[in-house]
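The primary structure of each chain is shown beneath.
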Amino acid sequence: MTTTSPDTRQGSVPAPEVAPGLTVNGTAALLGADVTPHTTVLDWLRGRGLTGAKEGCAEGECGACAVLVARPATPGADDADGAGSATEWLAVNACLIPVAALDGQEVVTAEGLGSPDRLHPVQRELADRGGSQCGYCTPGFVCAMAAEYYRPDRAPRERDHADDPTHEDADPAEPASAPDDEHGPNGFDLHALSGNLCRCTGYRPIRDAAYALGPPGLDDAFAERRRCAPPVPRHTRLEADGARFVRPRDLAEAVALLAEHPDALVVAGSTDVGVELNLRGARPSLLVAVDRLPELRALATDGEEIVLGAALTLTEIERGLGGRVPLLAELLPQFASRLIRNGATLGGNLGTASPIGDAAPVLLALEASLVLVGPRGERTIAFADCFTGYRETVRDADELIREVRIPRPLARTTGFTKVAKRRFDDISSVSVAFALDVEGGTVTRARVGLGGVAAMPLRALATEAALEGMPWTREAVASAARVLGGEGTPVSDHRASGRYRRAMLEQSLLRLHAHHRDAGAGAGAAS
């Protein structure tokens, strides 16, 4: 049996159950009898004849499958004209998400943005500036660019014409007019395309098209949609092919489900689960979606701590914190790609317990704690005590990660180093997070988190001891760096050799010192 009902917590009368479906390019569509809990959005769309989105990698790295989804706007995400937005258009990887997870939601594909006789501004600029050759990746680029085009706070930046007497005739896409290498004069952030790969055109014409985009027109229906309320999550139950997909009404129902079915697979952004479904043929018998549970979506700060809900996406955390946690602000732009961060959750990244997960070293350095919730109630665990082995933690199978808590005040000197084969959208070979307090030229407190050098993330305790009480000088830091190079048990694999990993550990601390030579010189405590 397959049924859904809208979330009715704000009312007292339950809504009637309806067949699951979603709105695609403005038209309501039922999922259909052939849909299973493992059917991806991409497969479902292509089965309906919407073949612009493609499968290139099936793991969220190429962006050929990108589509737009309507999501609640990040609090404070005002339009460039000062008007508030209730809804945001975000680009996500359709190859990773079970279509049942978008029950009741709104999706727009490249076909829905424009048509051959009425191109969308993004499509027109790509065509005019030669941003497409074979066209395989182009629909994904179109959707990722459109999401940035409609970003509520995107606004033109001030242009410096002091050295350009002919600026009135300047091409707005000309690289020299851009304020920096990654942001256009029109406010376009090239990180929006960090998850899209093109193998034939080259990126300059694509960048030129992005930088030539103006603001949405007054009659733009997609821009106007941002002012209306976002679609509400539905209580979804889909059963087919011997498996079930369930979106619980609330946290209590989710906990009860896990207590009854401890082998259930918890799904949030599906950026990890989707890979298991696509490449490893996993077919879990029960998927429990928790990404829209309000109880897991808190973001709050006070004088003592910062609280981050486990179901917040990394994009929501990045925008919601606004740089208030410098170590996280340094990590998040390096975490996969914007397409992934728009769906991936903090709880999901931690729940996989990967030894190369990017968030773990940062949270170790910040001395964070986790709040776990299950049928026996809540418990708080120091993050440093969570990992027990390779992809193993103290979390029981019937527990969920509710939130992450970061104590305040924050360390004054912080840094994050990620070593990978690509600058963005790649898996770490080594990752190191530092959180230090330096007073009067002496290190008074040091916390160092490591990833990629052992079977699980770990604190560099010997290095912390080697730093604390020592002067913040090149010589003392070099001595501690040699200690850091001996931490963990790095191995050689296809990403890096053990020797290289040790060298990168040493270099990361030397790099921190080079960037913060004057740490502690008259600085006040971070908040």
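None of these values were measured; they are calculated from a predicted model.

Asks: Just give me the short version of the nonpolar core, but keep the residues and values in it.
Replies: Core analysis: the biggest nonpolar cluster contains 75 residues, and Phe383 and Ile406 have the highest contact counts within it. Considering every element that reaches this core, the biggest residue donor is helix α13 (residues 359-365), with 6 residues. Those residues in contact with phenylalanine 383 that sit more than four places away from it in its chain are Leu350, Ala360, Leu363, Leu364, Ala368, Ser369 and Leu370. Formed by 31 residues, the second largest nonpolar core is a distinct cluster that contains Trp89, Ala144, Ala146 and Ala223.

Asks: Any chance you could break down the side chain of serine 354 for me, citing the residues and the numbers?
Replies: Within the fold, serine 354 resides in the loop between α12 (346-351) and α13. Contact partners of serine 354, with chain neighbours within four places excluded, come to Arg391 and Pro457.

Asks: I'd like to hear about helix α3 (residues 121-128), residue by residue, with values.
Replies: Taken together, the buried positions of α3 are occupied by Val122, Gln123, Glu125 and Leu126. Buried residues of α3 fall within an arc of 165° about the axis and therefore sit on the same side. Residues of α3 that are exposed and angled more than 90 degrees away from the buried face: Ala127 and Asp128. Summarising the contacts, the buried residues of α3 are in contact with α2 (110-113), α4 (138-149) and α5 (204-211). Glycine 130, located one to two residues past α3, shows a positive phi value of around 70°.

Asks: Quick rundown of empty space enclosed by the protein? Include the residues and the values.
Replies: Within the structure shown, the criterion is met by 7 cavities of 30 Å³ or more. In this structure, the largest cavity spans a volume of roughly 300 Å³. Along the walls of the largest cavity sit 27 residues, with Arg71, Asp291, Thr313, Asn342 and Gly343 positioned nearest its centre. Broken down by secondary-structure element, the contributors of at least two residues to the lining of the largest cavity are β4 (66-72), β5 (87-93), α9 (314-321) and α11 (338-341).

Asks: Could you give me a rundown of the sheet that holds strand β20 (residues 442-451), with the residues and numbers involved?
Replies: Here we have 4 strands laid out as an open sheet, ordered β18-β19-β20-β21, and antiparallel in their pairing. In this open sheet, the two strands that pair with only one neighbour each are β18 (413-419) and β21 (458-459). Pairing of strand β19 (residues 430-439) with β20 involves 9 bridges; the strand directions are antiparallel. Looking at β20, one finds that alanine 435 is bridged to arginine 447. In this fold helix α16 (residues 498-515) packs onto β18, β19 and β20, with an angle of close to 30° to the strand it touches most, β19.

Asks: With reference to specific residues and values, describe α16.
Replies: Along an α-helix, a turn takes 3.6 residues, which lines up residues three or four apart on a common side. Taking 1.5 Å as the rise per residue, α16 with 18 residues should run 26 Å; its terminal C-alpha atoms sit 26 Å apart, in good agreement. Taken as a whole, α16 has its buried residues at Gly498, Arg501, Leu505, Ser508, Leu509, Leu510, Leu512 and His513. Contact partners of the buried residues in α16: β18, β19, β20, α14 (461-467) and α15 (474-484).

Asks: Account for the pairing of β4, with residues named and values stated.
Replies: Taken across its 7 residues, β4 has 6 buried, putting it largely inside the fold. Of the pairings in the sheet, the one linking β4 to β5 comprises 7 bridges and is antiparallel in character. When the sheet's bridge partners are listed, arginine 71 is paired in β5 with glutamate 88. Strand direction decides the pairing type here: β4 and strand β6 (residues 106-108), joined by 2 bridges, are antiparallel.

Asks: Describe the packing of α15 against α16, listing the residues and the values that go with them.
Replies: The N-to-C vectors of α15 and α16 enclose an angle of 155°; their axes lie 8 Å apart at closest approach. In terms of their interaxial angle, α15 and α16 are classed as roughly antiparallel. α16 is crossed by α15, and the crossing has right-handed handedness. On α16, the residues that touch Arg474, Val477, Ala478, Ala480, Ala481, Arg482 and Leu484 of α15 are Leu505, Glu506, Ser508, Leu509, Leu510 and His513. Of the residues assigned to the contact of α15 with α16, the class counts are 8 nonpolar, 2 polar and 3 charged.

Asks: Can you lay out the packing of aromatic side chains for me, pointing to particular residues and giving the numbers?
Replies: How two aromatic rings sit relative to each other is given by the distance of their centres and the angle of their planes. This model, assessed by the stated rule, comprises 5 aromatic pairs. Where tryptophan 89 meets phenylalanine 222, the ring centres are 5.9 Å apart and the plane angle is 75°; that geometry is what we call edge-to-face. Here phenylalanine 222 lies in helix α6 (residues 221-225) and tryptophan 89 lies in strand β5, a separation of 133 residues in the sequence. Each of the two residues, tryptophan 89 as well as phenylalanine 222, counts as buried. With a relative accessible area of 18%, phenylalanine 222 lands in the buried category. Site record: aromatic cluster; members linked through ring pairs are Trp89, Tyr149, Tyr150 and Phe222. Of note, lysine 54 hangs over the ring of tyrosine 136, and the distance from its end group to the ring centre comes to 5.5 Å.

About the criteria used
- Residues numbered from 1 in each chain as written.
- Predicted model: local features only at pLDDT ≥ 70, side-chain atom pairs only at ≥ 80, totals over all residues.
- Heavy atoms only, no water.
- Core = buried A, V, L, I, M, F, W, Y, C linked by side-chain atoms within 4.5 Å.
- Buried < 20%, exposed > 50% of the residue type's maximum accessible area, 1.4 Å probe, protein only.
- Helix = DSSP H or I, 4+ residues; strand = E, 2+ residues; numbered from the N terminus.
- Contact = heavy atoms within 4.5 Å.
- Arc of directions from axis to C-beta.
- 1 Å grid on protein atoms, 1.4 Å probe; cavity = no way out; pocket = protein on both sides within 12 Å on 5 of 7 lines; lining within 4 Å.
- Points joined across faces, edges and corners; volume = space filled by probe spheres on them.
- Pairing = 2+ DSSP bridges.
- Axes fitted to C-alpha atoms, helices over the stretch in contact; angles between N-to-C directions.
- Expected span 1.5 Å × (residues − 1).
- Parallel < 35°, antiparallel > 145°, perpendicular 65-115°, else oblique.
- Left-handed = near helix turned anticlockwise from the far one by under 90°.
- Nonpolar A, V, L, I, M, F, W, Y, C, P; charged D, E, K, R; others polar.
- Phe/Tyr/Trp six-rings, centres within 6.5 Å; stacked < 30°, edge-to-face > 60°.
- Lys NZ or Arg CZ within 6 Å of the ring centre and 35° of its normal.

Shape is all these values report; function is a separate question.
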